[in-house]
Amino acid sequence: MEENFNMVAKTLFGFEDLLVKELKQLGAQDVKAGVRNVSFVGDKGFMYKANLGIRTAIKILKPIKTFRVSNEDDLYKQVYNIKWEKYLKATGSLAIDATVHSKHFTHSKFIALKTKDAIVDRFRDNGGVRPNVDLRFPDLKINVHIDRSVCTISLDSSGESLHRRGYKLATNIAPINEVLAAGLIMLSGWDGQSDFMDPMCGSGTMLAEAAMIACNIPPNLMRKEFAFERWEDWDVELFEKIEESLLKKTRDFHYKIIGYDKSPSAVHKAKENIKNAHLDEFITIKHEDFFKTQRPGGEQKLHMVFNPPYGERLDIQMEQFYKQIGDTLKQNYPNTDAWFITSNLEALKHVGLRPSRKIKLFNAKLESRLVKYEIYAGSKKAKFN
């Protein structure tokens, strides 16, 4: 039996409860929400499973030591005393990532440097050979987190951020992060039991994440590598068994996923990404200007989630643009639940519809709102009849 240990999954602000739910569904123990993170307990196989199967995590960390620290010397001594030879060969390579929230320490790069010094000095003192720093493909990625006077040293089991799923070859001007897209769709309550639309689909991220949620496909199957594959205790057979067990839980999807974009280059990129993700059987992408479209046929409710341009990187008359969103939904999209995220809280007032929900989130560093508009079928039907 593999032994259990503590882990921490990092996430985006506002996704903590989604992540708790995902971890519990996968079988994590002792799950506790923090701010932008969730701690839990599991074994090595569960660490593999969390990296492969969790949609709303950015990283899965394995803490190996926590201690109090008041200056650089404390940090150096404590890090030096960790038995690093358990985790890394003297001829191996490492990279260190530090985050600091403390009045004693203000510079994360300096903390990373001090941590590196302590580790390589220990190797040098014990045998003369020291590991090298390799920021791109290290054998061991180490995370240092200082909160006031508490320092936690963790091994980063993911490596590159888990939003890099591996299916996106092409992106457009303002692509949405895959973890953010998955979280928005989950917050919107979409469960794959209706048609789904992204009317401003850009490079297709929202469509891909929606298809994977609908079919219960693990989000990180296409990643080239996780950091734990370079660890001393890497177990390829166990990993393959975990992968197989997750794939057995995929399900059929009987509705449509539709994407529109008015930019031909975005449509081309989105199609490329969807094909690369092997999701093209579920998704149709068309070159359309949303403001000139009608709701596709069918009596059933349409579920819409999108990320309209927000003026930070794109030159648009915001008030007019948001008014058009509201008009198009009201006039052409009866029986639709429309959700979108925006950081332009002023422009939101011009939609001209009352949102039934507003959820505070961040898109990168921009404070944003995920809003829901419920468009009813009633009055429009009566007019046609």
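Details of the structure are given in the entry above.
Just so we're clear, the structure is a prediction, and the values are computed from it rather than from any experiment.

What follows concerns the packing of helix α5 (residues 178-187) against helix α6 (residues 205-215). Relative orientation of the contacting elements α5 and α6 amounts to 55°, with a least axis distance of 9 Å. One way to sum up the angle between α5 and α6 is to call them oblique. Between α5 and α6 lies a crossing whose hand is right-handed. Within the contact between the two elements, α5 uses E178, A181, A182, L184, I185 and M186 and α6 uses T205, M206, E209, A210 and I213.

Pairing in this open sheet of seven strands is mixed, and the strands run β11-β10-β9-β12-β13-β15-β14 from one edge to the other. Whereas interior strands pair on both sides, the edge strands pair on one side only; in this sheet they are β11 (283-287) and β14 (357-363). Each strand of the sheet is rotated relative to its neighbour by a mean of 20°, with strand direction disregarded. For strand β10 (residues 257-261) and β11, the ladder comprises five bridges, and the chain directions are parallel. Pairing of Y260 across the sheet is with K286, part of β11. This element, helix α8 (residues 264-276), spans β10 and β11 of the sheet and lies at about 165° to β11. Of the strands in this sheet, β12 (302-306), β13 (336-342) and β15 (366-375) touch helix α9 (residues 318-332), which is tilted by about 170° from β13.

With nine of its ten residues buried, α5 lies for the most part within the structure. Where α5 is concerned, the buried positions are E178, V179, L180, A181, A182, G183, L184, I185 and L187. Directly after α5, the chain includes G189, whose backbone phi takes a positive value near 80°.

What follows covers empty space enclosed by the protein. All told, the structure shown has one cavity of 30 Å³ or more when counted by the stated rule. Size it by volume and the largest cavity reaches roughly 40 Å³. What lines the largest cavity is D195, R295, P296, G297, Q300 and L302. Residues of the lining of the largest cavity, tallied by class, amount to two nonpolar, two polar and two charged.

Counted by the stated rule, this structure contains 24 aromatic pairs. These aromatic residues form a ring-pair network of at least three members: F290, F291, F306, F321, Y322, Y333, F340 and Y373. Over the ring of F362 we find R36; its NZ or CZ atom is 5.6 Å from the centre of that ring. Over the ring of F5 we find K62; its NZ or CZ atom is 4.2 Å from the centre of that ring.

A few words on the side chain of H303. When you line up the elements, H303 lands in strand β12. Apart from residues lying up to four places away in sequence, H303 is in contact with S188, G189, W190, S194, D195, F196, M197, D337 and W339.

The subject of this paragraph is the sheet that holds strand β1 (residues 5-10). Strand order in the open sheet made by the eight strands is β2-β3-β1-β4-β8-β7-β5-β6, with mixed pairing throughout. The open sheet terminates on both sides in strands that have one partner only, identified here as β2 (29-33) and β6 (132-133). Judged from the three bridges that link them, β2 and strand β3 (residues 37-42) form a sheet pairing that is antiparallel. Along β3, the bridge assignment pairs K32 with S39. Of the strands in this sheet, β1, β2 and β3 touch helix α1 (residues 16-26), which is tilted by about 15° from β3.

Reading the values: rules and limits
- Residues numbered from 1 in each chain as written.
- Predicted model: local features only at pLDDT ≥ 70, side-chain atom pairs only at ≥ 80, totals over all residues.
- Heavy atoms only, no water.
- Axes fitted to C-alpha atoms, helices over the stretch in contact; angles between N-to-C directions.
- Helix = DSSP H or I, 4+ residues; strand = E, 2+ residues; numbered from the N terminus.
- Parallel < 35°, antiparallel > 145°, perpendicular 65-115°, else oblique.
- Left-handed = near helix turned anticlockwise from the far one by under 90°.
- Contact = heavy atoms within 4.5 Å.
- Pairing = 2+ DSSP bridges.
- Buried < 20%, exposed > 50% of the residue type's maximum accessible area, 1.4 Å probe, protein only.
- 1 Å grid on protein atoms, 1.4 Å probe; cavity = no way out; pocket = protein on both sides within 12 Å on 5 of 7 lines; lining within 4 Å.
- Points joined across faces, edges and corners; volume = space filled by probe spheres on them.
- Nonpolar A, V, L, I, M, F, W, Y, C, P; charged D, E, K, R; others polar.
- Phe/Tyr/Trp six-rings, centres within 6.5 Å; stacked < 30°, edge-to-face > 60°.
- Lys NZ or Arg CZ within 6 Å of the ring centre and 35° of its normal.

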